[in-house]
Amino acid sequence: MEHVVIIGNGVSGITAARHIRKLSNKKITVISAETEYFFSRTALMYVYMGHMKFEHTQPYENDFWKKNRIDLLKAYVQQIDTSNKQLRLDNGNFLAYDQLIIATGSQSNKFGWPGQDLKAVQGLYSYQDLESMEKYSATTQRAVIVGGGLIGVEMAEMFLSRGIAVTFLVREDRFWGGVLPKQEGELVARHIRQHGVDLRFNTELQEILSDKNGRVKAIVTKEGEEIGCQFVGLTAGVSPNIQFLKGGEIQINRGVLVNEFLATNIENIYAIGDCAEFCEHPTGRKNIEQVWYTGRMMGETVAQTVCGNKTAYQPGVWFNSAKFFDIEYQTYGWVHNELKENETDFYWEHEDGKKCLHLVYDKTTKQLLGMNTFGIRMRHEVCEKWIKEGRKMDEVMTYLKDANFDPEFYKQYEDEIVKQYNQENGTSVSVKKRDWKRIFSS
Amino acid sequence: MKDQDSLSIAQPHPKGIDFIQKLGLVISAIGILILLVAWGGYTFQQNGLFLSLSLGTIFLGTVIYAARTYLTQPAGIHNNGIWQKSFTNRGMWGWLVGIVLTGFYVLLYWYPQYLGLAQNGEQNKGLVALFDPLSQFFKGQPASQWFMYGTIYTLLICSLGIKFMLKYRDNRYQAIRTLVVIVSQLFLAYLIPEILEGFSDSNHYFAKDIKNVWPLNYYFFQDWHLNNMLEHGGNLGMFYFVVGLFLFLVFTPIITYYVGKRWYCSWVCGCGGLAETAGDPYRHLSSKKISVWKLERWMIHGVMVLVFLMTFASLYGYFTNSVTFLGLEIYAYFQRPYGFLIGAAFSGVVGVGFYPLLGNRVWCRFGCPMAGYMGIIQRFKSRFRITTNGGQCISCGNCSTYCEMGIDVRAYAQKGQNIVRASCVGCGVCSAVCPRGVLKLENGPEEVRVKDNPILIGKEEIKMDVG
Ligand SMILES: Cc1cc2nc3c(=O)[nH]c(=O)nc-3n(C[C@H](O)[C@H](O)[C@H](O)COP(=O)(O)OP(=O)(O)OC[C@H]3O[C@@H](n4cnc5c(N)ncnc54)[C@H](O)[C@@H]3O)c2cc1C
Ligand code: SF4
Ligand code: SF4
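Fair warning: this is a prediction, and the values are worked out from it, not measured in the lab. (Residues numbered from 1 in each chain as written. Chains lettered and ligands numbered in written order. Predicted model: local features only at pLDDT ≥ 70, side-chain atom pairs only at ≥ 80, totals over all residues. Heavy atoms only, no water.)

Draft legend 1. Geometry of the overall build of chain A. Across its full length, chain A holds eleven helices and 25 strands. Relative to a compact globule of 442 residues, whose C-alpha radius of gyration would be 22 Å, chain A shows 24 Å and is just as compact. Projected onto its principal axes, the C-alpha coordinates of chain A cover approximately 70 × 60 × 40 Å. Counting over 442 residues, chain A shows a buried share of 59%. Of the contacts made within chain A by residues no fewer than 6 positions apart, 61% connect residues no fewer than 24 positions apart. Between the centroid of the 54 positive side chains of chain A and the centroid of its 58 negative side chains there is a distance of 3 Å. (Helix = DSSP H or I, 4+ residues; strand = E, 2+ residues; numbered from the N terminus. Rg over C-alpha atoms; globule rule 2.2 N^0.38 Å. Buried < 20%, exposed > 50% of the residue type's maximum accessible area, 1.4 Å probe, protein only. Contact = heavy atoms within 4.5 Å. Lys, Arg positive; Asp, Glu negative; His and termini not counted. Charge placed at Lys NZ, Arg CZ, Asp CG, Glu CD.)

Draft legend 2. Representation of the site of ligand 1 within the structure. In the vicinity of ligand 1 lie 33 residues, with A:Ser12, A:Glu34, A:Tyr125, A:Asp274 and B:Arg436 positioned nearest. With respect to ligand 1, the side chain of A:Arg41 contributes an N or O atom lying 2.9 Å from an oxygen atom. A:Tyr125 has a polar side-chain atom sitting 2.5 Å from an oxygen atom of ligand 1. Surface burial for ligand 1 is 95%, taken as the share of its 990 Å² of free accessible area covered by protein chains. Secondary structure elements with two or more residues in the shell around ligand 1: helix 1 (11-23), helix 5 (150-161) and helix 7 (292-306) of chain A. Each residue belonging to the shell around ligand 1 can be placed in one class, and the counts come to 15 nonpolar, 13 polar and five charged. Built from parts of two domains, the shell around ligand 1 gets at least three residues from each of domain 1 (3-107 + 239-306) and domain 2 (121-236) of chain A. (Near = heavy atom within 4 Å. Polar contact = N/O pair within 3.5 Å; in protein donor to acceptor, adjacent residues only side chain to side chain. Areas by Shrake-Rupley, 256 points an atom, 1.4 Å probe, with all protein chains shown as cover. Nonpolar A, V, L, I, M, F, W, Y, C, P; charged D, E, K, R; others polar. Domains from an automatic or database assignment.)

Draft legend 3. Main features of the site of ligand 3. Residues and elements named next belong to chain B. Taken together, the neighbourhood of ligand 3 is formed by 13 residues, with Cys393, Cys396, Gly397, Cys399 and Cys434 sitting nearest. The set of elements that each furnish at least two residues to the shell around ligand 3 consists of helix 18 (398-402) and helix 19 (409-413). Residues belonging to the shell around ligand 3 are distributed by class as follows: nine nonpolar, three polar and one charged.

Draft legend 4. Geometry of the pairing of strand 10 (residues 142-146) of chain A. All names here are of chain A. Of all five residues making up strand 10, four are buried, and the element is well covered by its neighbours. Here strand 10 runs beside strand 11 (residues 165-169); their pairing, made up of five bridges, is parallel. Within the sheet, the bridge partner assigned to Val146 lies in strand 11 and is Leu169. At this point the chain moves from strand 10, through helix 5, to the parallel strand 11, and the crossover so formed is right-handed. (Pairing = 2+ DSSP bridges. Right-handed = clockwise from strand over helix to strand, strands pointing away.)

Draft legend 5. Local environment of the sheet that holds strand 6 (residues 94-96) of chain A. All names here are of chain A. Strand order in the open sheet formed by three strands is 4-5-6, with antiparallel pairing between adjacent strands. A strand with exactly one partner marks an edge of an open sheet, and here the two such strands are strand 4 (77-81) and strand 6. Adjacent strand axes in the sheet meet at a mean angle of 25°, parallel and antiparallel pairs treated alike. The sheet contact formed by strand 4 and strand 5 (residues 86-89) spans four bridges and is antiparallel. Residue pairing across strands places Ile80 opposite Leu87, the latter belonging to strand 5. (Axes fitted to C-alpha atoms, helices over the stretch in contact; angles between N-to-C directions.)

Draft legend 6. Spatial organisation of the domain arrangement of chain A. Residues and elements named next belong to chain A. Segmenting chain A into domains produces domain 1 (3-107 + 239-306), domain 2 (121-236) and domain 3 (319-440). Just the C-alpha atoms count here: the centres of domain 1 and domain 3 sit 36 Å apart. Contact residues are listed per partner, giving four residues for domain 1 and four residues for domain 3. Interface of domain 1 and domain 3: buried area, both sides summed, is about 370 Å²; carbon and sulfur atoms make up 64% of it. Sorting the residues of domain 1 by area buried against domain 3 places Arg285, Val291 and Tyr293 first, and these three jointly supply 80% of that buried surface. Across the domain 1-domain 3 interface, the total number found is zero salt bridges. Along the lines of polarity and charge, the residues of the side of domain 1 that touches domain 3 split into three nonpolar, no polar and one charged. (Buried area = accessible area lost by both parts, 1.4 Å probe. Salt bridge = Lys/Arg side-chain N within 4 Å of Asp/Glu carboxyl O.)

Draft legend 7. Structural view of the interface of chain B and chain A. Between chain B and chain A, the contact holds 68 residues from the first and 64 residues from the second. Viewed at the interface, chain A and chain B are joined by four salt bridges. Residue A:Arg434 is joined to B:Glu442 by a salt bridge in which the shortest nitrogen-to-oxygen separation is 3.9 Å. Between chain B and chain A we count 34 residue pairs in polar contact (both at pLDDT 80 or more) in total. When residues of the side of chain B that touches chain A are traced back to their parent elements, those giving at least two are helix 8 (172-199), strand 3 (384-388), helix 18, helix 20 (429-433) and strand 4 (439-443) of chain B. Here the element with the most residues in the side of chain B that touches chain A is strand 4 of chain B; it accounts for five residues.

Draft legend 8. How the structure looks around the nonpolar core. A:Ile80, A:Leu87, A:Ile101, A:Ile102, A:Phe159, A:Phe175 and A:Met397 are the most contacted members of the largest nonpolar core, which has 146 residues in total. By residue number, the principal contributor to this core is helix 7 of chain A, which donates seven residues. Excluding its chain neighbours within four sequence positions, the residues that come into contact with A:Ile102 are A:Ile7, A:Ile80, A:Phe244, A:Leu245, A:Ile250, A:Val256, A:Ile269, A:Tyr270, A:Ala271, A:Ile272 and A:Cys275. With 109 residues, the next largest nonpolar core counts B:Ile58, B:Phe131, B:Val213 and B:Val362 among its residues. (Core = buried A, V, L, I, M, F, W, Y, C linked by side-chain atoms within 4.5 Å.)

Draft legend 9. Representation of empty space enclosed by the protein within the structure. Using the criterion set out here, one finds twelve cavities of 30 Å³ or more in the structure. Along the wall of the second largest cavity there are 15 residues; nearest its centre are A:Tyr46, A:His51, A:Lys323, B:Ile77 and B:Val433. Elements represented by at least two residues in the lining of the second largest cavity include exactly helix 2 (44-48) of chain A together with helix 20 of chain B. The residue makeup of the lining of the second largest cavity, split by class, is eight nonpolar, four polar and three charged. Residue contributions to the lining of the second largest cavity reach at least three from each of two domains, namely domain 1 (3-107 + 239-306) and domain 3 (319-440) of chain A. (1 Å grid on protein atoms, 1.4 Å probe; cavity = no way out; pocket = protein on both sides within 12 Å on 5 of 7 lines; lining within 4 Å. Points joined across faces, edges and corners; volume = space filled by probe spheres on them.)

Draft legend 10. Quick peek at the sheet that holds strand 25 (residues 368-374) of chain A. All names here are of chain A. Strand order in this open sheet of five strands is 21-22-25-24-23, and the pairing throughout is antiparallel. The sheet terminates laterally at strand 21 (319-324) and strand 23 (343-349), the two strands that pair on one side only. Strand-to-strand twist of the sheet, defined as the mean angle between neighbouring strand axes without regard to direction, takes the value 10°. One ladder, built from five bridges, connects strand 22 (residues 327-333) with strand 25; its direction is antiparallel. Residue pairing for strand 25: Thr331 is matched across the bridge by Asn372. Along the sheet, helix 8 (residues 380-388) makes contact with strand 21, strand 22 and strand 25, crossing strand 25 at roughly 150°.

Draft legend 11. Inspection of the pairing of strand 16 (residues 231-234) of chain A at higher detail. Residue and element names in this part refer to chain A. Side chains Phe231 and Gly233 project from strand 16 onto one buried face, and the interleaved Val232 and Leu234 project onto a second face that is buried too. Bridge analysis of strand 10 against strand 16 gives four bridges, and the strand direction is parallel. Opposite Val146, over in strand 16, you have Leu234 as the bridge partner.

Draft legend 12. Fine view of the packing of helix 7 (residues 145-167) of chain B against helix 8 of chain B. Residues and elements named next belong to chain B. Closest axis-to-axis distance for the helix 7/helix 8 pair is 10 Å, and the angle between their directions is 165°. Classified by the interaxial angle, the pair formed by helix 7 and helix 8 is roughly antiparallel. For helix 7 against helix 8, the interelement crossing comes out left-handed. Residues Phe147, Gly150, Thr151, Tyr153, Thr154, Ile157, Cys158, Gly161, Ile162, Phe164 and Met165 of helix 7 pack against Gln174, Ala175, Arg177, Thr178, Leu179, Val181, Ile182, Gln185, Leu186, Tyr190 and Glu194 of helix 8. Grouping the constituent residues of the contact of helix 7 with helix 8 by class yields 13 nonpolar, seven polar and two charged. (Parallel < 35°, antiparallel > 145°, perpendicular 65-115°, else oblique. Left-handed = near helix turned anticlockwise from the far one by under 90°.)

Draft legend 13. Broad picture of the pattern of salt bridges. Residue and element names in this part refer to chain A. For the coordinates displayed, the defined rule picks out 38 salt bridges over all chains. Here Lys27 and Asp71 are joined by a salt bridge, their closest N and O atoms 3.1 Å apart. Of this pair, Lys27 sits in strand 2 (residues 27-32) while Asp71 is found in strand 3 (residues 70-74), placing the two residues 44 residues apart along the sequence. Notably, a salt bridge pairs Glu349 with Arg190, separated by 3.0 Å at the nearest N-O pair. Taken together, the positions of Glu349 in strand 23 and Arg190 in helix 6 (residues 182-194) put the pair 159 residues apart, joining distant regions of the chain. For Glu349, a relative accessible area of 26% corresponds to the partly exposed category.

Draft legend 14. Seen up close, the confidence of the model for chain B. Residues and elements named next belong to chain B. Mean pLDDT over chain B stands at 92; residues scoring 70 or higher make up 94%. Considering only residues more than four positions removed or in separate chains, one finds that residues 1-9, a stretch of pLDDT under 50, has ten contacts. Here the prediction assigns the complex a pTM of 0.95, and the interface score ipTM is 0.96. (pLDDT = per-residue confidence, 0-100.)

Set out below in structure tokens:
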């Protein structure tokens, strides 16, 4: 029986394993050094905040794996011996494979800051990171978080839930400036401050200072300000977790290099998820995709190929979502931090400053290219269809109610939004009532 | 920019609880203390005064505490520490509350004399006596243990309902739903029945909580109850009889078709009302295991069979004027065991007493025949579903954790499948706690109700098909 070995039991590796099982009878082994069972990394914060126990982050019951004949192995892979098709494990054993899928995920970035390896200085990526955050929390009165992105906000919310004060250092002049347009960045910043976070823009970390036990006691900013703290969260992005491949036969750059079939340069070895880097992305996105959904889609795709049905990775319209404290964010298509040459936009914000809708469209054709919403839930299928089919703005506005996905009885803002749109564009679009037929005609 | 936001919220994330919260707790503790002293057997000289004091302080203290706790934070659901506190995580306090509640129910159903109910023509004592003035006011007679219980029950739904509304205040579905829960309990289940009781023949009791429909009200068709309604109840009795039949036969199936069983289970039902309000801190304790789901289906449908059988026997007896059915005495073999095992032990003692141990919907999930009946409609012939939003699920597990009915919502959501389950009571909390906007309770065309989503490549059915 052919043996498929998967390194990494995150969403990418596990999705691949589940789909290979559905498609074939191959022997499947999933190796991970982190935890025995698959868990949802995205839910780590909820465990710390006591919303859930760790077991609740595990999407499958423990006997699922045996029932589905997916062997789990807790070990660290030290080396891949591609000529003998075997793995060297940290427990001294070797494991032979016929096909190999590398799904080792990411690790938190460290940019060589002095003091970055002190005690209570860490990122938030793994289960072990969560454990050590837990360990240091009891003795932390103030935490400094470095790097304004999604994981940083989560960390801030986590600390605040335990009454630990947070100072948040962001290098750019606005929040998540590499991704969010100015308006959204400001909206998020306001909300973060409303929660009592000491949020500082244009502020960079210079150095982390140690106390006599090797634990952080303060940080120093580029401007020379010293901020006392007992914990430093490093959340300035993540990068592929592939040191163990350095100097091996498999080609790597920042990640494991793959083609559109997720295949590496070595036959029968694939890479998926956060750790994969496309030589050239099949749909022209960035070559490394570090989100849950893309890992899942790559897992589904590679399973087809591994089972003999060679399939290229073809993700649909880009989408993503997040939550900044109490404000949910959804995005469909592309809304870049700065408008591109051919783009123009429409921005509506509710007077409470916590909800907004941002549509980006083509200047000349008026076709919708992307949308951001804060505080309003949107219907994925509808938004995807609009963007895929390049719907014109007037039409999007007319049928805006179709796309609303807020819970029943929520206030709806389409009328207000379209009124503003008409005023700004001299149009006379009138909003149509939601229609099930339109929603489901895909 | 709302500058004043940050001013109105002085310190959104304080450690521990502050003076006003403590004040709220102390005020409601006074009220609870009065109840406990009375339960202990002490009979107050001025019951009216102490009753007002007790009910008033419990209500006031709870509202002060809740308002201070939730209004000092920006709106949003924060289940911080739920799994870390002894009170809500089956710790010592959880067990203690469970034991006290269970004990209370045992006395309520089987030993009301220990709550002070009058024996052999004496006067009420202790806890029941405390409620005499209010009962006298409504219906001109001393309180029964049921009057005492109904009053406390209503007080809990009202005060903890307000707490719930404050906690979930950014969610209008929750706010409106809970307002309806409170109003239904206060008027339909408490005030109107108690007032009507005052006008009617007290020797011939029949149920006057109009929304307490058979089969939840299992004795509706028992001979004594039919007699009391039809022969002694006058126009009112006839009205309740006709409405009861109509609700069960016509209203329930139609409304359940249009909006799912939630219209009853999480909007108007008394058991559901207590579960949603007082039981809210325990909703995460329901088991999500597939094995428990199996058990659930056996149990709930089992109870349904029992209630049908018992009712059939009762009606047989009623129409044939016989006290036996198939040679078995109807009371001893059908009515009494059902009332004891299901009506009292299951729905009361286990159903509420075990909130802190098994979650707030034990009865609704495993026992309630009304839920079973509507569940079948909801599963097979209804417009209600929870729509999953394409591929947005991140498998975090908040939805499953906070589903009081123990539905593994995530199992569906992460595959892009809509949730169509017999047991879902439509509380909407899964949708409320989902951090990615994945879930929407909605009523829509039946054709697209169960649907695999094209955005997730590859299709997978959930193994067990009948919910
Ligand atoms: C706190 C947090 C919140 C997030 N929130 C979101 C979100 O809301 N939405 C979103 O889209 N994305 C989110 N992400 C990103 C998302 O979680 C990742 O993109 C996704 O988990 C990557 O999955 P993966 O399977 O590729 O890798 P991983 O989940 O990282 O799995 C890789 C596994 O391989 C193991 N491994 C690595 N090397 C070896 C080795 N040599 N031997 C053995 N085992 C090894 C690792 O220990 C790990 O267990 C979040 C990430 C974090 C950390
Ligand atoms: S599935 Fe959602 S709406 Fe239904 S009972 Fe569970 S939490 Fe409530
Ligand atoms: S809460 Fe939302 S994102 Fe989390 S598992 Fe449930 S549906 Fe998915």
